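Residue-level structural notes
Spelled out, the chains give:
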Amino acid sequence: MPIDEHLAFDTTSVELHLHWLTLRYGIEVRLLIADLRSRYGDQKGDRIRLSRYISSDAQAIDTLRHEYAHAVAELKHRSKAGHGRLWRRLATEMGARPRSCGQGPLLAVPLLEPACTACGHKHTPIARRSRRARCRACRSSRLDWRPVVTTRFS
Ligand SMILES: [Zn+2]
Ligand SMILES: [Zn+2]
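The following paragraphs examine the structure supplied in this document. Fair warning: this is a prediction, and the values are worked out from it, not measured in the lab. (Residues numbered from 1 in each chain as written. Chains lettered and ligands numbered in written order. Predicted model: local features only at pLDDT ≥ 70, side-chain atom pairs only at ≥ 80, totals over all residues. Heavy atoms only, no water.)

What follows is about the overall build of the protein chain. Broken down by element type, the protein chain carries 3 helices and 5 strands. For the protein chain, buried positions account for 40% of its 154 residues. Carbon and sulfur atoms make up 49% of the accessible area of the protein chain, which amounts to about 9200 Å² in all. (Helix = DSSP H or I, 4+ residues; strand = E, 2+ residues; numbered from the N terminus. Buried < 20%, exposed > 50% of the residue type's maximum accessible area, 1.4 Å probe, protein only. Areas by Shrake-Rupley, 256 points an atom, 1.4 Å probe, with all protein chains shown as cover.)

Here it is as structure tokens:
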């Protein structure tokens, strides 16, 4: 798994946890970090994707367990019943909160904090860069868009 310096969670602990799950359930999966902005993760066959916008280790592990429970239900028990009884039992057993995949907002869609290079004014962080944005203090368009998410790998 390639290391991305903007991830807010530790991929090493996610991989260790996956290793432990694999030993326990015997289902091998491929783990990818993907540009998922509207959900924490997903699963298709033996491929599990985690959103690169997950904001904490706890959220990453919970998402991994959630998706791994889908993989075990599908590949070991031939069940594609979504968040049905089998999945809920597996997810609970793995320690995931047994709730359906998030369509809700991610905890940390990457926020940008525009700082004005003309007057130094700092603005409230926002999710997306805007080309027409101007400094609230001096109306300059010279904004420096810095990511708010702190880096773990450097
Ligand atoms: Zn799910
Ligand atoms: Zn300014």
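This part takes up the sheet that holds strand E2 (residues 41-44). Strand pairs in the sheet, formed through backbone hydrogen bonds, run parallel or antiparallel to each other. The 3 strands lie next to each other as E1-E3-E2, forming an open sheet whose pairing is mixed. The strands lining the two open edges of the sheet, one partner per strand, are strand E1 (30-34) and E2. Between one strand and the next, the sheet's axes are offset by a mean angle of 20°, whatever the strand orientation. Here 4 bridges tie E2 to strand E3 (residues 47-51), and the two strands are oriented antiparallel to one another. Directly across from Gly41, in E3, lies its bridge partner Leu50. On the sheet, helix H2 (residues 57-75) packs against E1, E2 and E3 and is oriented at approximately 20° with respect to E2. (Pairing = 2+ DSSP bridges. Axes fitted to C-alpha atoms, helices over the stretch in contact; angles between N-to-C directions. Contact = heavy atoms within 4.5 Å.)

Attention now goes to the nonpolar core. Within the largest apolar cluster, 26 residues are counted, with the highest numbers of intra-cluster contacts made by Val14, Tyr68 and Met94. Among the elements that line this core, the one with the most residues is H2, at 8 residues. Of all hydrophobic cores here, the second largest spans 5 residues; its members include Leu112, Cys116, Leu143 and Trp145. (Core = buried A, V, L, I, M, F, W, Y, C linked by side-chain atoms within 4.5 Å.)

Let's shift gears to helix H3 (residues 85-94). Within the sequence span of H3, burial applies to Trp87, Leu90, Ala91 and Met94. The buried residues of H3 all sit within an arc of 100° when viewed along its axis, so they share a single face. Its buried side turned inward, H3 meets helix H1 (11-25) and H2. Downstream of H3 by one or two residues, Gly95 has phi in the positive range, about 95°. (Arc of directions from axis to C-beta.)

We now examine the coordination of the zinc ion (ligand 2). For the zinc ion (ligand 2), the full set of protein donor atoms is Cys116 (SG), Cys119 (SG), Cys135 (SG) and Cys138 (SG), at a range of 2.3 Å. Of note is the zinc ion (ligand 2), whose 4 donor atoms meet at the metal with angles of 106 to 113° in an arrangement that counts as tetrahedral. The sequence pattern formed by the donor residues of the zinc ion (ligand 2) is C-x2-C-x15-C-x2-C. Here Cys135 lies in the loop between strand E4 (112-116) and strand E5 (143-147) and Cys116 lies in strand E4, a separation of 19 residues in the sequence. Accessibility assignment for this pair places Cys116 and Cys135 in one class, buried. (Donors = N, O, S within 2.8 Å, 3.2 Å for Na, K, Ca; no water. Tetrahedral: all angles 85-135°; square planar, octahedral: opposite > 155°, others 65-115°.)

Our next topic: the side chain of Ser51. Note that Ser51 resides in strand E3. Residue class for Ser51 comes out buried when judged on its relative accessible area of 0%. A polar atom in the side chain of Ser51 sits 2.9 Å from the backbone nitrogen of Tyr53. (Polar contact = N/O pair within 3.5 Å; in protein donor to acceptor, adjacent residues only side chain to side chain.)

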